[in-house]
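# Topology and contacts: notes
Chain residues, written in single-letter form:
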Amino acid sequence: MSDAITVELDAQYRQLREECGLLDRSDRGKLIVSGTDAVEYLQGQLTNDVEALSPGEGQYAALLDRKGHMQADMRVLRTSAEEIWLDTEPEALAAVLRHLEMYKIGREVTVADVTAGRAILSLIGPRSAELAGAAALPEHANEAIGVGRVECLAVGAAGGIDLIAKAADAGALREALLAAGAVAVGPEAVELLRIEAGRPRFGAEMSAETMPAEAGIVERAVSFTKGCYIGQEPVARLHYKGRPNRRLRGLELSAPAAAGASLRLGEKEVGRLGTAGVSPARGPIALAIVRREAEPGSELSVGEDGVTARVIDLPFG
């Protein structure tokens, strides 16, 4: 990484920590599930308690296969009595759309892919709500607001606020936020905050081979008091009767390393490096799902270049 890139990344990191950064996340997959059976339908498909949500509330959830492996993770927002908004990583959109269309037969449910028609602009940092002209919102809480002349759905997010608007209004919304004092940042700086917070991402640390317990998302994404959903039995069995063979961990690296590098404890491979970066506050760090014998305090070999990693509990610091 060149000195100029490093200086710019450091400046963006400080902006996110101390002021407010603006990142366009419009590439996320976006669905609206509506109809008289929409809430009941999603209750039987997703891991969290959709029926417990009132309009204006939201949650984090996952879609699983019958073996309890993740097909996607997503944000779930109840925007009205009969309408639920879902947004997910771009890599997972096709699987979610296919699943929800397949299982809705016989129900009063419409699944609309609005990915191209909606924009998501994220404000991240302590001044996010102020610059949006909104009240500070708990994570996943949502309400309609106006920013400049643009009508938005404001959504509480980790460390900030997301604004969902029509794609045609994205340019005007961006200009209004920049004029209010937000500073555009790149995804690399935002990813550093995600690593430090210990939050895995589908398509990076999590995949179709991952169970929620392995990714450390059970507390946020899974309800054990709701009714049945696809994949419930293996998730409940692991929660009550066992412990996962793999766990999400933080890694403090001796030098920068690339995602996907092999992680070894002695001669045994215990995982692959997930997202990695160089934090201005903590140096080279990463996330990875590793076998449980790679306990906090263990030292791992990373790839073939002599880089080492010390395993730590999350979050960092």
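See the structure printed just above.
In short, a report on the structure. None of the values given here were measured: they were computed from a predicted structure.

### Structural notes on the packing of aromatic side chains
Each aromatic ring pair is summarised here by two numbers: the centre-to-centre distance and the angle between the ring planes. Counted by the stated rule, this structure contains 1 aromatic pair. Aromatic pair F224 and Y240: ring centres 5.6 Å apart, planes at 70°, arrangement edge-to-face. Placement of the pair is F224 in the loop between helix 8 (218–221) and helix 9 (232–241) and Y240 in helix 9, with a sequence separation of 16 residues. Residue classification places F224 among the partly exposed residues on the basis of a relative accessible area of 27%.

### Topic: helix 3 (residues 93–103)
Within helix 3, burial applies to L93, V96, H99 and L100. Buried residues in helix 3, looked at end-on, bunch into an arc of 140°, giving them a common side.

### Topic: the nonpolar core
Nonpolar side chains tend toward joint burial in soluble globular proteins. Of all hydrophobic cores here, the largest spans 42 residues; its most connected members are V33, L42, L46, M74, V76, L86 and L100. Elements that contribute at least two residues to this core include exactly strand 2 (29–34), helix 2 (38–43), strand 3 (58–64), strand 4 (70–80), strand 5 (83–88), helix 3, helix 8 and strand 16 (283–291). Tallying contributions element by element places strand 3 first for this core, with 5 residues. In this structure, V33 is in contact with A38, L42, E82, E83, I84, L86, L100, V109, T110 and V111, ignoring residues within four places of it in sequence. Counting 20 residues, the second largest nonpolar core, distinct from the first, contains C20, I145, A154 and A165.

### Quick look at the sheet that holds strand 7 (residues 118–124)
Reading across the sheet, the 6 strands line up as 8-9-10-7-1-11 and stay open at both edges, with mixed pairing between neighbours. Edge positions in the sheet fall to strand 8 (142–147) and strand 11 (183–184), since each has one partner strand and no second. Pairing of strand 1 (residues 21–24) with strand 11, which is carried by 2 bridges, proceeds in the parallel orientation. If you follow L22 over to strand 11, its bridge partner there is A184.

### Details of helix 6 (residues 187–197)
For helix 6, a buried count of 8 out of 11 residues is recorded, marking the element as mostly surrounded by other parts of the structure. G198, located one to two residues past helix 6, shows a positive phi value of around 75°.

### Examining the sheet that holds strand 2
Across the sheet, which stays open at both edges, the 5 strands sit in the order 3-4-5-2-6 with antiparallel pairing between neighbours. On the outer flanks of this sheet lie strand 3 and strand 6 (110–113), each paired with one strand and no other. Mean inter-strand twist for the sheet, computed between neighbouring axes without regard to direction, equals 30°. Strand direction decides the pairing type here: strand 2 and strand 6, joined by 4 bridges, are antiparallel. What sits directly across from V33, in strand 6, is V111. Relative to the sheet, helix 3 contacts strand 2, strand 3, strand 4, strand 5 and strand 6, its axis offset from that of strand 2 by approximately 15°.

### Here's the deal with the pairing of strand 17 (residues 299–302)
Residues L300 and V302 point to one face of strand 17 and are all buried, whereas E299 and S301, pointing to the other face, are not buried. Where strand 13 (residues 262–265) meets strand 17, 2 bridges bridge the pair, whose relative direction is antiparallel. Opposite L263, over in strand 17, you have V302 as the bridge partner. A loop of 4 residues connects strand 17 with strand 18 (residues 307–312), the two strands running antiparallel in sequence, and G303 in this loop sits at a positive phi of about 60°.

### Let's talk about the side chain of S128
Within the secondary structure layout, S128 lies in helix 4 (residues 128–132). In this structure S128 comes out as buried when scored by relative accessible area, which is 2%. Apart from the residues lying within four places of it in its own chain, the contact partners of S128 are C20, L123, G159, G160 and I161.

Reading the values: rules and limits
- Residues numbered from 1 in each chain as written.
- Predicted model: local features only at pLDDT ≥ 70, side-chain atom pairs only at ≥ 80, totals over all residues.
- Heavy atoms only, no water.
- Phe/Tyr/Trp six-rings, centres within 6.5 Å; stacked < 30°, edge-to-face > 60°.
- Helix = DSSP H or I, 4+ residues; strand = E, 2+ residues; numbered from the N terminus.
- Buried < 20%, exposed > 50% of the residue type's maximum accessible area, 1.4 Å probe, protein only.
- Arc of directions from axis to C-beta.
- Core = buried A, V, L, I, M, F, W, Y, C linked by side-chain atoms within 4.5 Å.
- Contact = heavy atoms within 4.5 Å.
- Pairing = 2+ DSSP bridges.
- Axes fitted to C-alpha atoms, helices over the stretch in contact; angles between N-to-C directions.

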